[in-house]
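Single-letter residue listing:
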Amino acid sequence: MLDSSLQMLVSQSIKTLDSILIDGTLPASERAAVAFKILELAQNITPTVSSDSPSAIAQTQLLSLPKLNFTDPKLFLHLAAYRDSELIPTLKDALKKAHRPEKITFGIVWQFIPGEDEIITEKMQEFPCKMIEIDARQSLGVCWARSLGQRLLHDEDFILQLDSHHRFVEGWDSLLLQQLAQCPSPKPVLSAYTPPYIPPDEIPPGYPCTRLTAHHFDEHGILSFIAGESIASYSEPQLGMFLAGGFIFAPRQFYLDVPYDPFLYFRGEEITLSTRAWTKGWDIFYPHKITIYHYYTRTNAKKHWDINSEWYKLEQKSRERIKKILRITPLELDSLEIYDIGNIRTLEDYQSFCGINFQTQEISETASKGIPTKSVISNS
């Protein structure tokens, strides 16, 4: 354990980081670089311990996932919402359709324009919310917002990360827990591109649960996914390789092991998160039963890049960072700290498991179908 003075220093560094991330006096393109320095300070003041000391042993033991609470679980429903008129209908539908709504707490990062979005802000007071309110003009993008929202996690047993425009099936919370319990892994996570809905409540027919598949590398060498073949005929979730940022259901430890990288912008969010999670021992599964629907078209929705004139600078820095995370370009003297890939399984093993190659931008036939080349389950 840290002594009291070091605890105060670490606490202060975290508070400073939070203030930098939402500081309106700095240009958006500079905030991430300054915040990085704060992370380095926090790392440098943490004392080192020998591998056989009681403190080191305790830290090693914490890496083991506690026994999952499927009998009386609390759910942390995490949403990063950007001026979204579908936010309130999403919250209402989640509680209305839940089997145990009293066990659900919303963690919301609400990015809004003062004077324009007050109606939504006021209505959120009606829900069991933990909330961070941000002037949308100071937002640094979706990954930054998700990173902030993770800090609202308290004592909940499971996390459900969504966007802010969804509809739910009856008993969705119990269905998610049942499917997670079916996964033959000590560190399971459910994720997929969910079927669509059209506001207010239209569910188009013919959209089953599907695999996530490798689709193409873009002009910057970043891999994108699409929904693949149906898995509705299966009786349990199917082992997968990729995570969808708009739907992740996992034990709370997932957020502690794989904290969201606030220095990424938008594109590349999912492949970096997938790689980091898998190399840290998490096994990804695609759910075989529909629980949630997603609003995809959003033609007139307000987007971050519509009002932030420097968004392209954030995107450019994000691309450079993604290439370092995936080792497409060397790290050199940089350090990614807690946002780097893990050391439980290797990056090379992940690429072999998926049937992809980040360097050559090759996608195997199995990867294009969303099927792993072999069955690999973590023992951690």
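Residues numbered from 1 in each chain as written. Predicted model: local features only at pLDDT ≥ 70, side-chain atom pairs only at ≥ 80, totals over all residues. Heavy atoms only, no water.

Draft legend 1. Inspection of the overall build of the chain at higher detail. Looking only at helices and strands, the chain features 13 helices and 14 strands. A total of 380 residues make up the chain; the buried ones form 53% of that total. Nonlocal contacts in the chain, meaning residues at least 24 apart in sequence, comprise 75% of its contacts between residues at least 6 apart. Of the roughly 17,500 Å² of accessible surface on the chain, a fraction of 54% belongs to carbon and sulfur atoms. (Helix = DSSP H or I, 4+ residues; strand = E, 2+ residues; numbered from the N terminus. Buried < 20%, exposed > 50% of the residue type's maximum accessible area, 1.4 Å probe, protein only. Contact = heavy atoms within 4.5 Å. Areas by Shrake-Rupley, 256 points an atom, 1.4 Å probe, with all protein chains shown as cover.)

Draft legend 2. Expanded view of the packing of aromatic side chains. Under the criterion given, the structure shown has 12 aromatic pairs. Aromatic side chains Phe-254 and Trp-282 sit 5.3 Å apart centroid to centroid with 85° between the ring planes, which places their arrangement in the edge-to-face category. With a gap of 28 residues between them, Phe-254 in helix H8 (residues 253-257) and Trp-282 in the loop between helix H9 (269-279) and strand E11 (283-286) connect regions that are remote in the sequence. Trp-282 shares its class with Phe-254; the two are buried. (Phe/Tyr/Trp six-rings, centres within 6.5 Å; stacked < 30°, edge-to-face > 60°.)

Draft legend 3. Spatial organisation of the packing of H9 against helix H12 (residues 347-354). Running from amino to carboxyl end, H9 crosses H12 at an angle of 110°, the nearest separation of the two axes being 10 Å. Taken together, the axes of H9 and H12 are roughly perpendicular relative to one another. Here H9 runs over H12; the crossing is right-handed. Contacts from Ile-271, Ser-274, Thr-275, Trp-278 and Thr-279 in H9 reach Leu-347, Asp-349, Tyr-350 and Phe-353 in H12. Partitioning the contact of H9 with H12 into residue classes produces 5 nonpolar, 3 polar and 1 charged. (Axes fitted to C-alpha atoms, helices over the stretch in contact; angles between N-to-C directions. Parallel < 35°, antiparallel > 145°, perpendicular 65-115°, else oblique. Left-handed = near helix turned anticlockwise from the far one by under 90°. Nonpolar A, V, L, I, M, F, W, Y, C, P; charged D, E, K, R; others polar.)

Draft legend 4. Structural detail: the nonpolar core. By size, the foremost hydrophobic cluster in this structure holds 84 residues, and its most contacted members are Phe-106, Trp-172, Phe-242, Phe-249 and Phe-254. With 9 residues, the next largest nonpolar core counts Ile-134, Ala-145, Leu-148 and Tyr-265 among its residues. (Core = buried A, V, L, I, M, F, W, Y, C linked by side-chain atoms within 4.5 Å.)

Draft legend 5. The environment of Val-376, seen in detail. Among the secondary structure elements, Val-376 is positioned in the segment after helix H13 (365-369). Classification of Val-376 as partly exposed rests on a relative accessible area of 22%. Linking Val-376 and Asp-283, residues 93 residues apart in sequence, is a C-alpha distance of 8.3 Å. The contact partners of Val-376, leaving out residues within four places of it in the chain, are Leu-239, Trp-278, Asp-283, Arg-345 and Phe-353.

Draft legend 6. How the structure looks around the side chain of Glu-86. When you line up the elements, Glu-86 lands in the loop between strand E1 (75-82) and helix H4 (87-97). On the accessibility criterion, Glu-86 (10% relative accessible area) is buried. Residues contacting Glu-86, with those up to four places away along its chain left out, are Ser-164, His-165, Arg-167, Tyr-197, Pro-199 and Tyr-295.

Draft legend 7. Fine view of the layout of surface pockets. In this structure, the second largest pocket encloses a volume near 990 Å³. Surrounding the second largest pocket, 38 residues form its lining, Val-142, Arg-146, Asp-163, Phe-266 and Glu-269 being those nearest its centre. For the lining of the second largest pocket, the elements supplying multiple residues, two or more each, are E1, helix H6 (142-150), strand E8 (223-230), H9 and helix H10 (304-307). Counted by class, the lining of the second largest pocket contains 16 nonpolar, 13 polar and 9 charged residues. (1 Å grid on protein atoms, 1.4 Å probe; cavity = no way out; pocket = protein on both sides within 12 Å on 5 of 7 lines; lining within 4 Å. Points joined across faces, edges and corners; volume = space filled by probe spheres on them.)

Draft legend 8. Here's a closer look at the pattern of salt bridges. Summed over all chains, the structure comprises 21 salt bridges. Here Asp-257 ties to Lys-187 by a salt bridge, and the two come within 3.4 Å at their closest N and O atoms. Of this pair, Asp-257 sits in helix H8 while Lys-187 sits in the loop between helix H7 (172-182) and strand E6 (188-191), placing them 70 residues apart in sequence. The two residues Asp-257 and Lys-187 agree in class, both being buried. We note a salt bridge from Glu-365 to Lys-369, for which the minimum N-O separation is 3.3 Å. Of this pair, Glu-365 and Lys-369 both sit in helix H13, 4 residues apart, roughly one helical turn. The class of Glu-365 is exposed, set by a relative accessible area of 57%. Salt bridges linked by common partners bring Asp-72, Arg-100, Glu-102 and Lys-103 together as one network. (Salt bridge = Lys/Arg side-chain N within 4 Å of Asp/Glu carboxyl O.)

Draft legend 9. Highlighting the pairing of E6. With burial as the criterion, each face of E6 is covered, one bearing Pro-188 and Leu-190 and the other bearing Val-189 and Ser-191. Sheet topology places E6 next to E11; 3 bridges connect them, and they run parallel. Counterpart to Leu-190 in the pairing with E11 is Phe-285. Pairing of E6 with strand E10 (residues 247-251) involves 2 bridges; the strand directions are antiparallel. When the bridges of E10 are listed, Ser-191 appears paired with Ile-248. (Pairing = 2+ DSSP bridges.)

Draft legend 10. Fine view of the confidence of the model for the chain. Across the chain, the average pLDDT comes to 84, with 80% of residues at or above 70. Predicted confidence is poor over residues 1-15, with pLDDT under 50, and the contacts of this stretch with residues over four places away or in other chains come to 12 contacts. Segment residues 36-63: pLDDT under 50, and 27 contacts once partners within four positions in sequence are set aside and those in other chains are kept. (pLDDT = per-residue confidence, 0-100.)

Draft legend 11. Focus on the side chain of Ser-147. With respect to the helices and strands, the residue Ser-147 is situated in helix H6. A distance of 3.5 Å separates a polar side-chain atom of Ser-147 from the backbone oxygen of Tyr-260. Residues in contact with Ser-147, not counting those within four places in the same chain, are Tyr-260 and Pro-262. (Polar contact = N/O pair within 3.5 Å; in protein donor to acceptor, adjacent residues only side chain to side chain.)

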